[in-house]
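A look at the structure
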Amino acid sequence: MKHSRQDSLREQVRQQIEQVKLEPEQLLQLQQMQQNTKRPASQWLSIAAVITVLIIMPALYFNSPNGLSLQSASGSAQVAMIDNIANEVTKNHLKMKPLELKSESIKQLQEYFSALSFKPLASTQLTALQPTRLTLLGARYCSIQGATAAQLRYSSQPDNWTLYQVPFDQFNQLGLHEGGDSIATYARGLKVTLWQERGLLMVLVAP
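Read on for an overview of the structure. The structure displayed is predicted, hence computed values, not measured ones.

1. Structural notes on the packing of aromatic side chains
The description of an aromatic ring pair rests on the distance of the ring centres and on the angle between the ring planes. Here the structure, examined in full by the defined rule, presents three aromatic pairs. Between the aromatic rings of tyrosine 112 and phenylalanine 113, the centroid separation amounts to 5.3 Å while the plane-to-plane angle is 80°, which identifies the pairing as edge-to-face. Judged by relative accessible area, which is 29%, tyrosine 112 ranks as partly exposed. Between tyrosine 112 and tyrosine 141, the ring centres sit 5.8 Å apart and the planes meet at 45°, which makes this aromatic pair tilted. With tyrosine 112 in helix α5 (residues 106-112) and tyrosine 141 in strand β2 (residues 135-144), the pair connects residues that are 29 residues apart, well separated along the chain. Members of the aromatic cluster, each reached through a chain of ring pairs, are Tyr112, Phe113 and Tyr141.

2. Points about the pattern of salt bridges
Inspection of every chain in the model, using the stated rule, returns two salt bridges. In this structure, the salt-bridge partner of arginine 140 is glutamate 100, at a minimum N-O distance of 3.9 Å. Taken together, the positions of arginine 140 in strand β2 and glutamate 100 in the loop between α4 (69-95) and β1 (101-102) put the pair 40 residues apart, joining distant regions of the chain. Relative accessible area serves as the criterion here: at 37%, glutamate 100 is assigned to the partly exposed category. Between arginine 198 and glutamate 197 there is a salt bridge; the shortest N-O distance is 3.4 Å.

Cut-offs applied
- Every residue gets a number counted from 1 within its own chain, in the order that chain's sequence is written.
- Note on the predicted model: pLDDT of at least 70 is required for a residue's local features to be given, and 80 or more for side-chain atom pairs to be given and counted; whole-chain, interface and lining totals, by contrast, use all residues.
- Here the side-chain values reflect all heavy atoms present in the structure, with hydrogen atoms and water set aside.
- Pairing of aromatic side chains here covers Phe, Tyr and the six-membered ring of Trp, requires ring centres within 6.5 Å, and sorts the geometry by plane angle: under 30 degrees stacked, over 60 edge-to-face, intermediate tilted.
- Exposure categories follow from relative accessible area, calculated using a 1.4 Å probe and restricted to protein chains: below 20% of the type maximum is buried, above 50% is exposed, and the middle band is partly exposed.
- Secondary structure follows DSSP: runs of H or I at least 4 residues long count as helices, runs of E at least 2 residues long count as strands, and numbering of each begins at the N terminus.
- The rule for a salt bridge is simple: a side-chain nitrogen of Lys or Arg has to be within 4 Å of a carboxyl oxygen of Asp or Glu.

Just distances and angles here, no functional claims.
The following block contains the structure:
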């Protein structure tokens, strides 16, 4: 396999060199330019070599099976993670398991989640994303992709919203940035919005 890849690379180099060979007229022009200037022949050879490399390398990169694979793999991993999260949180949202703590106070919720490595936040982005006035009902422990998370439930009769919060450092593949754009998708007929806020991944499930 290793030899076949090397042979393939050599063939691509040969083909690219064939494509960038100078025509007789171009070669004559280059010789005339050399005669009309005081540059030594070695400098002209260096210039020709640089031009050849600049032409060949981009072509080899984009034709190489590894050239675009990293970008494609990164994009595929991001999409897969978004889909997995969306399917998981909407499934949990629809189950509507009983709340472990019923309270409208975010401070009480923070005190309750003592087993978490973070304190749940009163998201400042929630109002911007969901202009409908929401009432905090309470919360429960849950998980997102195996990471322990907080599940906060809100209500605006007759509908319920669920906001999941989990440390963001386990979800860097999402490509979200603090204060940056959110990502919106749909799963099970529900809208799912993801964003980063103060070191946490926020995932909102809306009806």
